[in-house]
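One letter stands for each residue in the lines below.
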Amino acid sequence: MAAASSSDSDSGRAESSEANSKWLDAHYDPVANIHTFSACLVLADLHGDGEHKLVVGDLGPGGQQPRLKVLKGPAVLTESPLPALPAAAATFLMEHHEPQAPALALASGPCVYVYKNLRPYFKFSLPQLPPNPLEQDLWHQAKEDRIDPLTLKEMLESIREKAEVPLSVQSLRFLQLELSEMEAFVNQHKSKSIKRQTVITTMTTLKKNLADEDAVSCLVLGSENKELLVLDPEAFTILAKMSLPSIPVFLEASGQFDVEFRLAAACRNGNIYILRRDSKHPKYCIELSAQPVGLVRVHKVLVVGSTEDSLHGFTHKGKKLWTVHMPAAILTMNLLEQRSRGLQAVMAGLANGEVRIYRDKALLNVIRAPDAVTSLCFGRYGREENTLIMTTRGGGLIIKILKRTAVFVEGGGEMGPPPAQATKLNVPRKTRLYVDQTLREREAGTAMHRAFQTDLYLLRLRTARAYVQALESSLSPMSMTAREPLKLHAVVQGLGPTFKLTLHLQNPSTARPALGLLICFLYNEALYALPRAFFKVPLLVPGLNYPLETFVESLSNKGISDIIKVLVLREGQSAPLLSAHINMPVSEGLAAA
């Protein structure tokens, strides 16, 4: 009976949590075999029939056998192999002709493959880069059999370490071979010309001349050779080329190419660069304290996820607006745009299986997935307007639909500000003394400010005098002269009447040793006795700590103590380089009879 009641309560709790959720579970396939990331997920009406489909640039298990998959509902509609791993996917309108069916662009290796109606339409290849002349000359010598494969390998390795122009793919493959395979590789490739080709790292779209949703768009490509290219949507020629200090990995575009636009590129050096229409080089730079893992533009705010498990909000001029810390590492990010309510928010998939939705730094919703989510996409899928597509680390596919009655409210997630923050404080009533003091400050405000300024100036003057006196008498524990940089501190050990006094002397200079130094002790001879009150210091090597030990014997049995002065001198100079005053403790031991 008790077991039945507990199962009833569990089922009731599950039903209530599902009723309170803003999402409907449409589909979950843990073995869908989809391995991708957010940049390779696109929802688009590819045939112009109002039926939106899911385009996936699939990396394949273990990065093997990359494929282009198109899903309709939970099933795979078409599937075709790709020559290289996909870097990004995007849909864009090439022309205004009816019916308006967007084209699909898939960046893979050095090429962008353009599809119309899911059929190959155009292939754009990045322009080749000039090869290294030394590398070209070596392969020319190998073609004429003037050098053997082993010599070729040694010279190519030296070029790879020193040259600014990187080696071609042909040479890099040759350097990975074993000795037995080199000769066959050279005979096969020595007659081919050296080609150096870069690859695409990221891609996005930019409106051409109108801001409408169905306006013609350009493709913006980021390449491995630190460049951004803007392509014409019809002729696929390069309209603009911009250079970056590092390799771009995430791109965000806003505006129109013919009017005014901004490009935000997150790069591998941990910086985000902002480029504008008239600039060939970055106009602003945002320096991050960690590597970026995602970049999303929400209205006019750039939201960046970093490897420090946090989200940061920046303006387009690089000013930081806010920071939100996550409970786990961020794996992926994307934009959630609910057009019917005018909502734009950022989705972040975490390593603990959560998907968190934020508007600015306010948490709107938390979704818990059965596995860590590696890619996210939100938009129209099929006939449903607000659909969330998620793929997991194990290759699973999750489809959720936002309820039509769902409204995102700040603080709707489980995490947020504590309820005590909204509790009003019990502020005490104003007393008569407070009112009298306020009136006094109003009436004598000028005089009080003058008195405060006078005391402040006196404090600064006394501080400056004490500092000058310390410099003149060398009372500082560190020498202030550039030629003799020294550091001194003392340690007294023991209960008495015999104390062990250890002086730690250090030469903090970078390359210059200290020579000819002396140490002198000044003390009351009626109270203390030292075996050596004056001795030479050995050579001080820069950066090392030298402990100099001596013993101090207390001669008084009356329980009194005094100061022992330590002076660091240079031979031939009367003024000390450094000095320290040691407050000796009271002797607690008894001298032996």
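Treat the numbers as computed from the prediction; the structure is a model and nothing was measured.

### Section: the overall build of the protein chain
- In terms of regular secondary structure, the protein chain is built from seven helices and 36 strands.
- What you see for the protein chain is a C-alpha radius of gyration of 37 Å, clearly larger than the 25 Å of a compact globule of 593 residues, by over 25%.
- When the backbone C-alpha atoms are referred to their principal axes, the protein chain occupies close to 110 × 95 × 70 Å.
- Within the protein chain, buried positions represent 42% of all 593 residues.
- Restricting to contacts in the protein chain with at least 6 residues of sequence separation, those with at least 24 account for 49%.

### Describing the sheet that holds strand β4 (residues 67-72)
- One open sheet holds the four strands; their spatial order is β2-β3-β4-β5, and the pairing between them is antiparallel. Two strands close off the open sheet at either side, each with one partner strand: β2 (41-44) and β5 (75-81). Taken over all neighbouring pairs, the strand axes of this sheet differ in orientation by 20° on average, direction set aside.
- With six bridges connecting them, β4 and β5 associate as antiparallel partners.

### Quick look at the environment of proline 508
- Within the fold, proline 508 resides in the loop between β30 (498-506) and β31 (517-522).
- With a relative accessible area of 34%, proline 508 lands in the partly exposed category.
- Separated by 22 residues in sequence, proline 508 and leucine 486 place their C-alpha atoms 6.3 Å apart.

### Focus: empty space enclosed by the protein
- Under the defined criterion, the tally for this structure stands at one cavity of 30 Å³ or more.
- Lining of the largest cavity is provided by Val298, Val303, Trp322, Ala345, Val346, Tyr358, Arg359 and Asp360.
- For the lining of the largest cavity, the residue count by class is six nonpolar, no polar and two charged.

### Things to note about the sheet that holds strand β19 (residues 301-306)
- Within the open sheet, the four strands sit side by side as β18-β19-β20-β21. Their pairing is antiparallel. Among the strands making up the open sheet, the edge pair consists of β18 (292-298) and β21 (320-325). With direction set aside, neighbouring strand axes in the sheet form an average angle of 20°.
- Pairing of strand β20 (residues 310-314) with β21, which is carried by five bridges, proceeds in the antiparallel orientation. Residue histidine 312 lies in a different strand from β21, and its bridge partner there is threonine 323.

### Some words on the UniProt feature "domain: Bardet-Biedl syndrome 1 protein GAE" (unreviewed entry) in the protein chain
- Under the UniProt annotation, the feature "domain: Bardet-Biedl syndrome 1 protein GAE" (unreviewed entry) is placed at residues 486-588.
- Secondary structure across residues 486-588 divides into 0% helix and 50% strand, with the first and last C-alpha atoms of the span separated by 34 Å.

### Focus: the nonpolar core
- Core analysis: the largest hydrophobic core is formed by 27 residues, its most contacted members being Leu486, Leu488, Leu503, Ile519, Phe521 and Leu540.
- Put simply, the parts of the chain that give this core at least two residues each are β30, β31, β33 (534-537), β34 (545-554), β35 (563-570) and β36 (578-583).
- In terms of residue count, the dominant contributor to this core is β30 (four residues).
- Apart from the residues lying within four places of it in its own chain, the contact partners of leucine 503 are Leu488, His489, Ala490, Ile519, Phe521, Tyr546, Pro547, Leu548, Val566 and Ile582.

### Points about the pairing of strand β24 (residues 354-359)
- In terms of burial, β24 is a largely internal element, five of the six residues being buried.
- The sheet contact formed by strand β23 (residues 343-350) and β24 spans four bridges and is antiparallel. Its bridge partner lying in β24, valine 346 is registered against tyrosine 358.
- Between β23 and the antiparallel strand that follows it, β24, lie three residues; glycine 353 among them carries a positive phi value of about 90°.
- Relative to strand β25 (residues 362-368), β24 runs antiparallel, the two sharing six bridges. Note on β25: the bridge partner recorded for tyrosine 358 is leucine 363.
- In this antiparallel pair of consecutive strands, β24 and β25, the connection spans two residues, and aspartate 360 shows a positive phi of 55°.

### Quick word on the state of the cysteines
- Tallied over the full model, the rule gives zero disulfides.
- We note that cysteine 267 lacks a disulfide partner, and the nearest cysteine sulfur, in cysteine 285, lies 8.7 Å from it.

### Details of unusual backbone geometry
- If you check the backbone angles, asparagine 33 has positive phi at about 60° while not being a glycine.
- Inspection of the secondary structure assignment puts asparagine 33 in the loop between β1 (23-29) and β2.
- Overall, the relative accessible area of 38% leaves asparagine 33 in the partly exposed class.
- For histidine 299, which is not glycine, the phi torsion reads 55° and is therefore positive.
- Assessed through its relative accessible area of 49%, histidine 299 is described here as partly exposed.

### Some thoughts on helix α2 (residues 133-143)
- Looking at α2, one finds that the buried residues are Glu135, Leu138, Trp139, Gln141 and Ala142. Summarising the axial view, the buried residues of α2 lie within an arc of 155°, below the 170-degree limit, and thus occupy one face.
- In this fold, the buried residues of α2 make contact with α3 (149-162), α4 (169-175) and α5 (179-189).
- Remark: aspartate 145 follows α2 within two positions and exhibits a positive phi of approximately 60°.

### What about the pattern of salt bridges?
- Under the criterion given, the structure shown has 15 salt bridges.
- Its salt-bridge partner being glutamate 354, residue arginine 356 comes within 2.9 Å of it at the nearest N-O pair. We note that arginine 356, like glutamate 354, is buried.
- We note a salt bridge from arginine 380 to glutamate 385, for which the minimum N-O separation is 4.0 Å.
- Judged by its relative accessible area of 44%, glutamate 385 falls in the partly exposed class.
- Via salt bridges that share partners, Glu354, Arg356 and Arg368 belong to a single interconnected network.

### Examining the side chain of threonine 550
- Along the polypeptide, threonine 550 turns up in strand β34.
- Apart from the residues lying within four places of it in its own chain, the contact partners of threonine 550 are Phe499, Lys500, Leu501, Phe521, Pro531 and Arg532.

### Focus on the side chain of glutamate 252
- Within the secondary structure, glutamate 252 is located in strand β14 (residues 248-256).
- Buried within the structure, glutamate 252 lacks any salt-bridge partner; its nearest side chain of opposite charge belongs to arginine 297, at an N-O separation of 4.2 Å.
- What glutamate 252 contacts, discounting residues up to four positions off in sequence, is Arg262, Leu263, Ala264, Leu295, Val296 and Arg297.

### Quick notes on the environment of threonine 391
- On the secondary structure map, threonine 391 appears in strand β27 (residues 384-392).
- The buried category is assigned to threonine 391, whose relative accessible area is 1%.
- Taking the C-alpha atoms as reference points, threonine 391 and cysteine 377, separated by 14 residues in sequence, lie 9.2 Å from one another.
- Every residue in contact with threonine 391, bar those within four places of it in the chain, is listed here: Ile34, Thr36, Ala372, Val373, Thr374, Ser375, Gly396 and Leu397.

Analysis parameters
Residues numbered from 1 in each chain as written. Predicted model: local features only at pLDDT ≥ 70, side-chain atom pairs only at ≥ 80, totals over all residues. Heavy atoms only, no water. Helix = DSSP H or I, 4+ residues; strand = E, 2+ residues; numbered from the N terminus. Rg over C-alpha atoms; globule rule 2.2 N^0.38 Å. Buried < 20%, exposed > 50% of the residue type's maximum accessible area, 1.4 Å probe, protein only. Contact = heavy atoms within 4.5 Å. Pairing = 2+ DSSP bridges. Axes fitted to C-alpha atoms, helices over the stretch in contact; angles between N-to-C directions. 1 Å grid on protein atoms, 1.4 Å probe; cavity = no way out; pocket = protein on both sides within 12 Å on 5 of 7 lines; lining within 4 Å. Points joined across faces, edges and corners; volume = space filled by probe spheres on them. Nonpolar A, V, L, I, M, F, W, Y, C, P; charged D, E, K, R; others polar. UniProt positions renumbered as here; feature names shortened; annotations may be inferred. Core = buried A, V, L, I, M, F, W, Y, C linked by side-chain atoms within 4.5 Å. Disulfide = S-S within 2.5 Å. Arc of directions from axis to C-beta. Salt bridge = Lys/Arg side-chain N within 4 Å of Asp/Glu carboxyl O. Lys, Arg positive; Asp, Glu negative; His and termini not counted.

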